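Chain residues, written in single-letter form:
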Amino acid sequence: MSKVAVVTGGTRGIGRAVSIALQDAGYRVAATYCGNEEAALAFNNETAIAVYKFDVGDFAHCQKGVADIEQDLGAIDVLVNNAGITRDAMLHKMPTEHWRCVMNTNMDSLFNMCRNVIDGMRERKYGRIINISSINGQKGQAGQTNYSAAKAGVIGFTKALAQETAAKGITVNAIAPGYVATEMVKAVPQEVLDAKIIPTIPVGRLGEPEEIAHGVVFLASEKSAFITGTTLTINGGQYIA
Ligand code: NDP
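Residues numbered from 1 in each chain as written. Predicted model: local features only at pLDDT ≥ 70, side-chain atom pairs only at ≥ 80, totals over all residues. Heavy atoms only, no water.

Visitor: I'd like to hear about the site of the ligand, residue by residue, with values.
Guide: By nearness alone, 29 residues border the ligand, and Arg12, Gly35, Asn82, Tyr147 and Thr182 come closest of all. One of the side-chain N or O atoms of Tyr147 is found 2.5 Å from an oxygen atom in the ligand. Within the contact set of the ligand, an oxygen atom lies 2.5 Å away from a side-chain nitrogen or oxygen of Thr182. Look at the ligand: alone it shows 910 Å² of surface, and the protein chains cover 93% of it. Looking at the shell around the ligand, the elements with two or more residues in it are helix H1 (13–24), helix H6 (145–165) and helix H7 (183–186). Class assignment for the residues of the shell around the ligand results in 14 nonpolar, 12 polar and 3 charged. (Near = heavy atom within 4 Å. Polar contact = N/O pair within 3.5 Å; in protein donor to acceptor, adjacent residues only side chain to side chain. Areas by Shrake-Rupley, 256 points an atom, 1.4 Å probe, with all protein chains shown as cover. Helix = DSSP H or I, 4+ residues; strand = E, 2+ residues; numbered from the N terminus. Nonpolar A, V, L, I, M, F, W, Y, C, P; charged D, E, K, R; others polar.)

Visitor: Report on the side chain of Asp77, specifying residues and quantitative values.
Guide: Tracing the backbone through its elements, the reader meets Asp77 in the loop between helix H3 (59–73) and strand E4 (78–81). Of the side chains with opposite charge, Arg124 lies nearest to the buried Asp77, which makes no salt bridge, at 4.6 Å. Within the structure, the side chain of Asp77 is placed 2.8 Å from the backbone nitrogen of Val4, a separation counted as a polar contact. Each residue touching Asp77, except ones within four places of it in the same chain, is listed here: Lys3, Val4, Met121, Tyr126, Gly127 and Arg128. (Buried < 20%, exposed > 50% of the residue type's maximum accessible area, 1.4 Å probe, protein only. Lys, Arg positive; Asp, Glu negative; His and termini not counted. Salt bridge = Lys/Arg side-chain N within 4 Å of Asp/Glu carboxyl O. Contact = heavy atoms within 4.5 Å.)

Visitor: So what's going on with the environment of Lys139? Residues and values would help.
Guide: Among the secondary structure elements, Lys139 is positioned in helix H5 (residues 135–139). Residue classification places Lys139 among the partly exposed positions, given a relative accessible area of 34%. For the pair Lys139 and Tyr239, spaced 100 residues apart in sequence, the C-alpha to C-alpha distance is 7.6 Å.

Visitor: Describe in detail the packing of aromatic side chains, supporting the description with residues and values.
Guide: Each aromatic ring pair is summarised here by two numbers: the centre-to-centre distance and the angle between the ring planes. According to the stated counting rule, one finds 1 aromatic pair in the structure shown. Across the ring face of Tyr126, the terminal group of Lys3 is positioned such that the distance to the ring centre comes to 4.8 Å. (Phe/Tyr/Trp six-rings, centres within 6.5 Å; stacked < 30°, edge-to-face > 60°. Lys NZ or Arg CZ within 6 Å of the ring centre and 35° of its normal.)

Below you can see the structure in the form of structure tokens.
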């Protein structure tokens with residue numbers, strides 16, 4: 001029986017590419033989303049990948065979401081914590097709500113999802129958890145104290161959980177993408193991309209979602225059993241940690 005993979009925020013952007021790459025690699029995939037019903041249904045029509053609507057920032061929603069997925073597809077072997085948001089502002093202008101919702105969706109979500117799959121993975125002595133961090137969690141980014149803190153937190157969480165679970169056959173790794181051509185980055189004005197961002201990327205272009213998905217498939221595989229607690233940087237050379 002093929003393994004089951006869950007990708008949060010798996011119907012758009014990087015998550016969409018990850019869901020498709022895992023399906024192509026033979027996994028039974030569940031892709032979650034939160035609000036964009038139209039994109040999720042179009043994705044399901046196109047790929048036949050099962051979609052589930054719940055808020056990764058809400059523990060009870062995740063508990064039910066995980067239970068629904070396991071009932072439909074079977075025990076979860078691979079969890080990709082990909083869902084994320086930005087709410088950019090300089091700290092001196094940042095509303096409390098922007099801080100809270102970025103921490104909630106990008107960081108609380110790791111606890112909410114991992115806490116609900118970890119017992120099963122421990123019992124079965126197998127699991128792969130891949131957490132999507134960001135270059136801006138590694139280097140910090142002005143205008144993103146909230147996002148940079150959350151994405152740095154993702155790396156700390158990854159290292160700690162990797163130590164807790166290594167003896168149980170569960171690996172936990174992070175991926176830190178650089179700038180990838182998704183709606184999140186398309187929100188940045190083209191002139192800012194051309195003048196300020198692309199010139200700082202040695203490869204000379206934005207990344208493609210599929211280039212992050214390759215990394216996820218690698219870390220999700222059985223053969224990556226000796227890799228845990230690490231952060232795979234995929235950023236075109238923009239920041240070499
Ligand atoms: P997109 O904005 O394209 O997609 C975000 C996805 O997350 C959507 O599927 C969205 O669901 C889902 N989502 C958002 N909030 C919630 C929530 N509360 N509960 C459940 N799902 C939610 O983002 P990207 O593909 O660009 O980013 C994916 C990940 O990669 C994020 O963690 C991001 O921080 C990280 N990243 C992205 C980079 C980039 O350059 N694009 C660079 C570095 C890191 P819905 O469709 O319903 O809105």
